[in-house]
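The lines below spell out each chain.
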Amino acid sequence: MEQRQRVYLDHAATTPVHPAVVKSMFPYFTEYYGNPSSFYQTGREARKSLEEARDKIAGIFNADPGEIYFTACGTESDNWAIKGTALSRQKHGRHIITSAIEHHAVLHACEDLQKQGFELTVLPVDENGLVSPESVRGTIREDTILVTIMMANNEIGTLQPIKEIAAICREKKVLFHSDAVQAGGALPIDVKDLGADMLSFSAHKFYGPKGVGLLYLRKGLRIDNLLSGGAQERNRRGGTENLAGIVGMAKALELADEKMEAEQKRMITLRDYLIEQLLKKIPHTRLNGHPEKRLPNNVNVSFEFIEGESILLMLDHYGFECSSGSACTSGSLDPSHVLLAIGLPHEIAHGSLRVSLGQSNTREQMDKLTESLSTIVSRLRDMSPLYADFLKKNRAEEKTASN
Amino acid sequence: MEQRQRVYLDHAATTPVHPAVVKSMFPYFTEYYGNPSSFYQTGREARKSLEEARDKIAGIFNADPGEIYFTACGTESDNWAIKGTALSRQKHGRHIITSAIEHHAVLHACEDLQKQGFELTVLPVDENGLVSPESVRGTIREDTILVTIMMANNEIGTLQPIKEIAAICREKKVLFHSDAVQAGGALPIDVKDLGADMLSFSAHKFYGPKGVGLLYLRKGLRIDNLLSGGAQERNRRGGTENLAGIVGMAKALELADEKMEAEQKRMITLRDYLIEQLLKKIPHTRLNGHPEKRLPNNVNVSFEFIEGESILLMLDHYGFECSSGSACTSGSLDPSHVLLAIGLPHEIAHGSLRVSLGQSNTREQMDKLTESLSTIVSRLRDMSPLYADFLKKNRAEEKTASN
Amino acid sequence: MQYSDKVMDHFMHPRNVGEIENADASGTVGNAKCGDIMKVDLKIEDNVIVDIKFKTFGCGSAIATSSMATEMVMGKTVDEALKLTNKAVAEALDGLPAIKMHCSMLAEQAVKSSLKNYFEKTGQMTPEREEMFKSLDEDAHDH
Amino acid sequence: MQYSDKVMDHFMHPRNVGEIENADASGTVGNAKCGDIMKVDLKIEDNVIVDIKFKTFGCGSAIATSSMATEMVMGKTVDEALKLTNKAVAEALDGLPAIKMHCSMLAEQAVKSSLKNYFEKTGQMTPEREEMFKSLDEDAHDH
Ligand SMILES: Cc1ncc(COP(=O)(O)O)c(C=O)c1O
Ligand SMILES: Cc1ncc(COP(=O)(O)O)c(C=O)c1O
């Protein structure tokens, strides 16, 4: 394949690690390599760095350091919050509420519990991907033990009314978890203001390293362990701490926090510009997800009559790295459950594209992307029997109309 | 505290990352940062590196690449193997067999299951820390679904007869898991020869990074997921892969494998020299664990009449970083469950010291350590009421004898 | 997942894209729900395929296999064309990722479906030929 | 867990280590099972502690608190010594890690236990003094 300049546009999948983050991690491999549980100097140094990272992160989220638990990834945080709550609360009830557009880390964790006899209610979303807080209220029962609704959707970018949902759960005395993996580092988060009981984060979504995440667990809240073992994380998550990763995560969050406002503004401008250009320059294109209540960096569009993987493949050929709404690449032929949940017909869902912007992206790249996409979409439409049918139907209608 | 040259002697707790390993990881932070599940070039490159790492590791263990599942640590591997087996086999039975000297990652995972209604048999060990294969055979019942016995003990270094136990389990059609965290990189491992169904490893024990481990799962074996989510690891372990960590783990294992024989020999020589010196130069000292069937780098001794933390503290002051058999440092006052399991009285267990050697340690350091320990032990004995009692009793006995 | 250079070539520069006006036969397989539709038009003279065109809605390998399959039967007699297998298409493309093998299946079936249409239209359907289409209805919605 | 410099000083250079031959009183608290034993010997003249020695089996902070506690009561009258609190010992050491506070408790109790022995031996036990020892038996095996 010919090599061109690559333009990375899939920051919702993962981000490059920020050079300053790599630098912050570096000493922990060969120099400060101690086990934070160890007694001697090298161990104490490690412990100190560990707790400094925790303090830093807690500060940014307006949490207590004792509310931050380090994990291996967003998936672990989600599984721990959901399964840990279920196991610890099963005497009170076995009913769990989630939404139809959750990440698989949440949905599959819930389904694991379903197999063990828990009952699951999966709330629908509206055409913009919004969960209605009132539907949460209406669905909570006597035996409901957990509501888990994501903060920001990873495919269509829709932001949920988490604060309202948290308030309802608090009122109803049901625990509330939110998968905030896509929100971490992108939106300001104040746990006290938010009122959620548990929040999941993953470092590699905000220019931190892969393989490290965290779970915010509100003070006083006790849930069962998922990873039992040593006394790490105050006896609640065993395993020698990934200190380099944790230090890196803290650094990455700090950097994101410092430039949050400016970067958010820049992302929104870029995002809205790209959306505008795509809708203007490519006919039969629709925006998926909420027009305003969406992640600053998320663009998700459907191009009618064509299929997503072939769009991605051509984009890749032209040097643009994006993601599709079709799960075709993962070996399944089903389009994304999120796009179906917002009511897209299968063939439209198949023709979707997610562009998730990041720190290195520019307006110039948006122009080039729009241009390439214009070409790609026409080429694929020219090959598409669906488009041919559409044109024929159109022509027939025009004829009828002009008669 | 005054700064002296530190001598690190706690390689069973964790190891520094080998510089070549750090180097191998480096490109994966900022350059090859793609998500291995992504479709485009950056993702495909990541996928390729991921599978190369898997192939390399599989080759070293004589396993199929499809039998290697990446995890976040030894603790996750242990929890997954044990809980995953239990949940997937509970219709066949709810009885699990383990040993009294397992790491807490195994013991606590088993205890979590106990709380959920599983039945646990904890096999005793002999005075050297050995589990008897025949006791495993005798304990297996109709409803036994899992036997989990560690390969090498992390405190006293005893190596279990895993091959025999695996054969018994195979004969009895019970799944067999072994926590091989301390054996990984230290002993040659051939999964086909060994015959275990599941094996846990953790990279930071063999000069790889913290926060990455693996579970070997024999081909065809299906257990429930612990971390459900995306389609990673063939749908069996969700979470974006810690690619830098995985590449580092493969590199570390490769390095360990290359110099396995030579390093094993060197370690055993150093270990036996230190044991000999300590027993010779410090009276009332005993070796814990099996004299021959032990990890090449493990020394565990008890100094009678004194307490472990104070030994560690003085050693730390002199620049030696070791670990104690007392769990005092972790906030509990109980001595290690392993030392109690081999029959040490509490006060002897409290006075234990673990020295776990590594690549940088030398014979000269062993001499210095012995010297420092001589001084430390006498100083502490001079303060010890137990030692005073012992001396008085001795004098009284001598008197009686000479009468 | 990595496509071969051959697949990429046929994807980026597909052969025989289009429709044939007044085609002698055509066939469509797949459905939008599954994410793959292939339509094949044939121009046939003396039972020889003198022109073939396709339109495909689908992933990269769906387009590449359509292109390759049409190229492979172009100029063949209808009975030779009937022997086209998905394996042969995949091999001609230097292989397909395992999860994409169904696309080559679809290409085989699109060609066969157009041939079936031809035999039926021209009254040439024989029991032997009928036999070759047996798998068609089962598999087409099954991929 | 990090010890203060004061703790390290008293641990590395403990004051008043030893035994007193023909001590006027002595007391031992703790047990080997828990990993801490402290023994305190007293030499008392005119109800004033003129000498005090300890022997301790235990962790770093057990040794440091023994050293500090003995230093704090040396030269005091027995009734002044009776007012020693674990909190005062810990403070004098610039604090102890939370999980080590029980050690300062043990030091307080070791001193008190020796004083109790003194009062009993010399027939000086009064109800008021008795009151001061109430916590002794409960806590000593409880830490
Ligand atoms: C025998 C054994 N099993 C499991 C573990 C847990 O490994 P990790 O800390 O990487 O989770 C360790 C080390 O801590 C160990 O020594
Ligand atoms: C919303 C959401 N939740 C959870 C995850 C899982 O995070 P990780 O891959 O770090 O386990 C992701 C990303 O993959 C995500 O986007």
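Here's what I pulled together on the structure shown here. Bear in mind that the values here come from a model prediction, so they are computed numbers and not experimental data.

## Regarding the relation of the copies chain A and chain B
Alright, step 1. For these two chains of identical sequence, chain A goes onto chain B by a turn of 180° and a shift of 0.0 Å along the axis, with RMSD 0.1 Å. Read as a symmetry element, the transformation amounts to a two-fold axis. For chain A, the smallest separation between a C-alpha atom and the rotation axis is recorded for Ala-72 of chain A, amounting to 2.9 Å.

## Regarding the nonpolar core
Alright, step 1. With 131 residues, the main nonpolar core has Phe-61, Val-147 and Leu-199 of chain A together with Phe-61, Val-147 and Leu-199 of chain B as its most contacted residues.
Alright, step 2. For Leu-199 of chain A, the contacting residues outside a window of four places in its chain are Met-151, His-177, Ser-178, Ala-180, Ile-189, Val-191, Leu-194, Leu-214, Leu-215 and Tyr-216 of chain A.

## Overview of the site of ligand 1
Alright, step 1. Around ligand 1 there are 15 residues in total, and Thr-240 of chain A together with Thr-75, Asp-179, Ser-202 and Lys-205 of chain B lie nearest to it.
Alright, step 2. Nearby residues around ligand 1 are contributed by chains A and B.
Alright, step 3. Side-chain polar atom of Thr-240 of chain A to an oxygen atom of ligand 1: 2.5 Å apart, as the coordinates give it.
Alright, step 4. Here an oxygen atom of ligand 1 sits 2.9 Å away from a polar atom, N or O, in the side chain of Lys-205 of chain B.
Alright, step 5. Look at ligand 1: alone it shows 380 Å² of surface, and the protein chains cover 96% of it.

## What to know about the site of ligand 2
Alright, step 1. Around ligand 2, a shell composed of 15 residues is seen, among which Thr-75, Asp-179, Ser-202 and Lys-205 of chain A together with Thr-240 of chain B lie nearest.
Alright, step 2. With respect to ligand 2, its neighbouring residues span chains A and B.
Alright, step 3. At 2.5 Å, a side-chain N or O of Ser-202 of chain A approaches an oxygen atom of ligand 2.
Alright, step 4. Within the side chain of His-204 of chain A, an N or O atom sits 3.0 Å from an oxygen atom of ligand 2.
Alright, step 5. Contact with the protein chains hides 96% of the accessible area of ligand 2, taken as 390 Å² for the molecule alone.
Alright, step 6. In terms of residues, the shell around ligand 2 owes the most to one element, helix H4 (residues 74–89) of chain A, which gives three residues.
Alright, step 7. The residue inventory of the shell around ligand 2, partitioned by class, reads three nonpolar, nine polar and three charged.

## Considering the interface of chain A and chain C
The figure often quoted for interface size is the accessible area lost as the parts come together.
Alright, step 1. Contacts between chain A and chain C engage 27 residues on the former and 28 residues on the latter.
Alright, step 2. For the pair chain A and chain C, the summed buried area comes to about 2200 Å², and 70% of that belongs to carbon and sulfur atoms.
Alright, step 3. Joining chain A to chain C, the criterion identifies two salt bridges.
Alright, step 4. The shortest N-O distance in the salt bridge between Glu-19 of chain C and Lys-392 of chain A comes to 3.0 Å.
Alright, step 5. Here chain A is connected to chain C by eleven residue pairs in polar contact (both at pLDDT 80 or more).
Alright, step 6. Breaking the side of chain A that touches chain C down by element, the ones donating at least two residues are helix H12 (308–317), helix H14 (346–350), helix H15 (363–383) and helix H16 (385–402) of chain A.
Alright, step 7. It is H12 of chain A that provides the largest number of residues to the side of chain A that touches chain C, a total of five residues.
Alright, step 8. For the side of chain A that touches chain C, the per-class residue count stands at 13 nonpolar, eight polar and six charged.

## Side note on the pairing of strand E2 (residues 36–45) of chain D
Residues and elements named next belong to chain D.
Alright, step 1. Counting buried positions along E2 yields eight of ten residues, so the element is predominantly enclosed.
Alright, step 2. Both strand E1 (residues 25–31) and E2 contribute to a ladder of seven bridges, which runs antiparallel. Looking at the pairing, Gly-27 lines up with Val-40 of E2.
Alright, step 3. Hairpin connection, E1 to E2: the antiparallel pair is bridged by four residues, and Gly-35 has positive phi, about 90°.

## Quick notes on the interface of chain A and chain B
Alright, step 1. At the interface, 62 residues of chain A touch 62 residues of chain B.
Alright, step 2. Carbon and sulfur atoms make up 60% of the surface buried where chain A meets chain B, a total of about 5000 Å² over both sides.
Alright, step 3. Considering only the side of chain A, the residues that lose the most area to chain B are Tyr-33, Phe-39 and Tyr-40 of chain A, jointly responsible for 15% of the buried surface there.
Alright, step 4. On the surface where chain A and chain B come into contact, there are two salt bridges.
Alright, step 5. Between Asp-316 of chain B and Arg-44 of chain A there is a salt bridge, with the nearest N and O atoms lying 2.8 Å from each other.
Alright, step 6. The tally of links between chain A and chain B comes to 30 residue pairs in polar contact (both at pLDDT 80 or more).
Alright, step 7. Looking at the side of chain A that touches chain B, the elements that each hand over two or more residues are helix H1 (19–25), helix H2 (27–30), helix H3 (41–61), H4, helix H5 (104–115) and H12 of chain A.
Alright, step 8. Residue classes in the side of chain A that touches chain B are distributed as 24 nonpolar, 25 polar and 13 charged.

## Some remarks on the pattern of salt bridges
Alright, step 1. Under the criterion given, the structure shown has 69 salt bridges over all chains.
Alright, step 2. Of the charged contacts in the structure, one is a salt bridge between Glu-19 of chain D and Lys-39 of chain D, with a shortest N-O distance of 3.2 Å. Taken together, the positions of Glu-19 of chain D in the loop between helix H1 (5–12) and E1 and Lys-39 of chain D in strand E2 put the pair 20 residues apart, joining distant regions of the chain.
Alright, step 3. Ionic pairing is found between Asp-41 of chain D and Lys-39 of chain D, a salt bridge with its closest N-O pair at 3.2 Å.
Alright, step 4. With a relative accessible area of 17%, Lys-39 of chain D lands in the buried category.
Alright, step 5. One salt-bridge network, held together by shared partners, links Arg-47, Glu-51, Arg-54, Glu-233 and Arg-234 of chain B.

## Let's talk about the packing of helix H3 (residues 41–61) of chain B against helix H10 (residues 243–258) of chain B
Residues and elements named next belong to chain B.
Alright, step 1. Across the interface, H3 lies against H10 with an axial gap of 9 Å and an inter-helix angle of 30°. In terms of axis orientation, H3 runs roughly parallel to H10. Judged by the sense of rotation from one axis to the other, the crossing of H3 with H10 is left-handed. Contact residues: Ala-46, Ser-49, Leu-50, Ala-53, Lys-56, Ile-57, Ile-60 and Phe-61 in H3; Leu-243, Ile-246, Val-247, Met-249, Ala-250, Leu-253, Glu-254 and Asp-257 in H10.

Cut-offs and rules
- Residues numbered from 1 in each chain as written.
- Chains lettered and ligands numbered in written order.
- Predicted model: local features only at pLDDT ≥ 70, side-chain atom pairs only at ≥ 80, totals over all residues.
- Heavy atoms only, no water.
- Least-squares fit on C-alpha atoms with pLDDT ≥ 70 in both.
- Core = buried A, V, L, I, M, F, W, Y, C linked by side-chain atoms within 4.5 Å.
- Buried < 20%, exposed > 50% of the residue type's maximum accessible area, 1.4 Å probe, protein only.
- Contact = heavy atoms within 4.5 Å.
- Near = heavy atom within 4 Å.
- Polar contact = N/O pair within 3.5 Å; in protein donor to acceptor, adjacent residues only side chain to side chain.
- Areas by Shrake-Rupley, 256 points an atom, 1.4 Å probe, with all protein chains shown as cover.
- Helix = DSSP H or I, 4+ residues; strand = E, 2+ residues; numbered from the N terminus.
- Nonpolar A, V, L, I, M, F, W, Y, C, P; charged D, E, K, R; others polar.
- Buried area = accessible area lost by both parts, 1.4 Å probe.
- Salt bridge = Lys/Arg side-chain N within 4 Å of Asp/Glu carboxyl O.
- Pairing = 2+ DSSP bridges.
- Axes fitted to C-alpha atoms, helices over the stretch in contact; angles between N-to-C directions.
- Parallel < 35°, antiparallel > 145°, perpendicular 65-115°, else oblique.
- Left-handed = near helix turned anticlockwise from the far one by under 90°.

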